[in-house]
Amino acid sequence: MDVLNNLDFATAFRALLPDLLGGLWISVEATVAGFILAVVIGVLIALGRLSKSKLLNGILVVFLEIVRGTPLLVQLVYMYYVVPLLIMLVVQFWQPSFQFTFSPFLAGMLGLGINYGCYLSEVVRSAILSIDKGQTEAALALGYTNRQSMWSIVMPQAIRNSVPVFGNYLVMMIKDTSLLAFITVSELLLRTQTYASQTFLTIESYTILALAYLVISLPLAQIMRLLEKRLLKHG
Amino acid sequence: MVNAMIEVKQLHKSFGSNEILKGIDFEVKKGEKIVIIGPSGSGKSTLLRCLNYLERPTSGSVKVEGQYFVEPQNKFSEKHVASLRTEIGMVFQRFNLFPTMTALENVIAAQVKIRKRSKEEARKTAEHYLNKVGLAERMDHYPSQLSGGQQQRVAIARALAMEPKVMLFDEATSALDPELVGEVLKVIRELADEGMTMVLVTHEMKFAEEVGDRIIFMDNGFIVEEGHPKEFFRNPKNERTKAFISQVEHPENMVAH
């Protein structure tokens, strides 16, 4: 059992710590930015799907099916390598000298935001539908327009009721930032891979990596539970 | 000088092929208290909800203080309908308070958002009306922390804080436990005594008789009979009215047929 005897967690930990902290910071940034984008997209898609326009509804349903029917990893790769090319091709009709790329981080944030936005839209949509119609009626009777009643009465309640589910998605997203390694975002996984391949401390490196994810996701899940309790105290 | 606060002409309302209101004409004068009664399914709640356009009539017109909700020949304008609704307070069977707001915030919200009052002024007005409905002590409670009767009184304060010219009550006490009905009726009665113009849909016949200036009896989408309360309850003319009154007063005599 030479392998076990030769394990050197201390060295691996000491060497990886700065990398891990740096990578962690990037993961957190990507998650915060990606999740804010996802909520915005989720709310907008939900409202679009609840609108009376059949055309808008149809377009959104097709879009949702595409996003939900393809893997997140493929979407991230597509966003990083293909989307900038498409944008370039289109703009070059007017400006032949136009060049365009996404930074890995930006592509990752957009990919995560759009993917999660599609899933969140279903959460928001059903939360809106579950708000008692009496709430809208009360607002309308007080002189709110439909739009005002949606934004200041119905939506806040729907979002509040969605927080527990949002929390689950948030924890999932922080774990999914590991996929950003494939589009060269220098987050936890990529940094650990680099270190492991240089030193052959494979077991140590990846075990530490896994623990690093646990260190963020477990407290985060706990925080979400507390938040949920607080929010659901009334109503 | 506009005499009629609300003017309803040839109002029809259908849901799909089901015609609920089959041509309603009536007027509510300033300061008048109208009570609409009738069996369930007679269209009385639908009629009330047409008075502030929560239900959009299939045809016919509704005017409030001389203003149409939708001018004949004109298109439906949401803004105009919304602004006209601020003149009409409505109280619902199920209260419909906003659960994420305290009682005080419930009463403040629309004043600031719709009436464009300052927070300070809205707060003063809210406190005044919550005090009026006897809930000064409970202003900072959430709806879930209040009894049904208290919630309904907050809902009344919320409507009153907009300082409407008419109040509509849609079976305001039907969802309440019997012991809580009294406190809500008391508030409504005080409001009536102050001269508020009101239209009420209710099952409380005794209350209808005491508060109403005029009783309207509806059945099957029509106004079947209307009259002064005393006259109406003691001496109903129409057969269906008679049957309804005796059914309400002596439910034990009614046998399914």
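Since we're looking at a predicted model, the values are computed, not measured.

### Focus on the UniProt feature "transmembrane region" (unreviewed entry) in chain A
Turning to step 1, where the next piece is worked out: Within this structure's numbering, the places UniProt gives as "transmembrane region" (unreviewed entry) are residues 20-47, 101-120, 165-185 and 205-227 of chain A.
Turning to step 2, where the next piece is worked out: Annotation note: span residues 205-227 of chain A, helix share 100%, strand share 0%, distance between end C-alpha atoms 34 Å.

### Structural notes on the confidence of the model for chain B
Low pLDDT marks stretches whose predicted atomic positions should not be read closely.
Turning to step 1, where the next piece is worked out: Mean pLDDT over chain B: 93, with 98% of residues reaching 70 or higher.
Turning to step 2, where the next piece is worked out: This complex was scored by the predictor with a pTM of 0.87 and an ipTM of 0.93.

### A closer look at helix α8 (residues 188-199) of chain A
All names here are of chain A.
Turning to step 1, where the next piece is worked out: In this model, α8 (12 residues) spans 17 Å end to end at C-alpha, consistent with the 16 Å of a helix rising 1.5 Å per residue.
Turning to step 2, where the next piece is worked out: The complete set of buried residues in α8 reads L188, L189, T192, Y195 and A196. Down the axis of α8, the smallest arc covering the buried residues is 130°, so these residues share one side.
Turning to step 3, where the next piece is worked out: On its buried face, α8 sits against α2 (9-50) and α9 (202-231).
Turning to step 4, where the next piece is worked out: Measuring from the backbone nitrogen of L189 back to the side-chain oxygen at the start of α8 gives 3.0 Å, which picks out E187 as the cap.
Turning to step 5, where the next piece is worked out: In the segment just after α8, F200 is the residue with positive phi, at about 60°.

### Here's the deal with the sheet that holds strand β7 (residues 166-170) of chain B
Residues and elements named next belong to chain B.
Turning to step 1, where the next piece is worked out: Taken together, six strands build an open sheet; the order of strands is β6-β7-β8-β3-β9-β10 and the sheet is mixed. A strand with exactly one partner marks an edge of an open sheet, and here the two such strands are β6 (88-91) and β10 (222-227). On average, adjacent strands in this sheet sit at an angle of 20° to one another, irrespective of strand direction.
Turning to step 2, where the next piece is worked out: Two strands pair when backbone bridges link them, and β7 and strand β8 (residues 197-201) are joined in this way by five bridges, in the parallel orientation. The residue bridging V166 from the neighbouring strand is T197, located in β8.

The rules behind the values
- Residues numbered from 1 in each chain as written.
- Chains lettered and ligands numbered in written order.
- Predicted model: local features only at pLDDT ≥ 70, side-chain atom pairs only at ≥ 80, totals over all residues.
- Heavy atoms only, no water.
- UniProt positions renumbered as here; feature names shortened; annotations may be inferred.
- Helix = DSSP H or I, 4+ residues; strand = E, 2+ residues; numbered from the N terminus.
- pLDDT = per-residue confidence, 0-100.
- Expected span 1.5 Å × (residues − 1).
- Buried < 20%, exposed > 50% of the residue type's maximum accessible area, 1.4 Å probe, protein only.
- Arc of directions from axis to C-beta.
- Contact = heavy atoms within 4.5 Å.
- Polar contact = N/O pair within 3.5 Å; in protein donor to acceptor, adjacent residues only side chain to side chain.
- Pairing = 2+ DSSP bridges.
- Axes fitted to C-alpha atoms, helices over the stretch in contact; angles between N-to-C directions.

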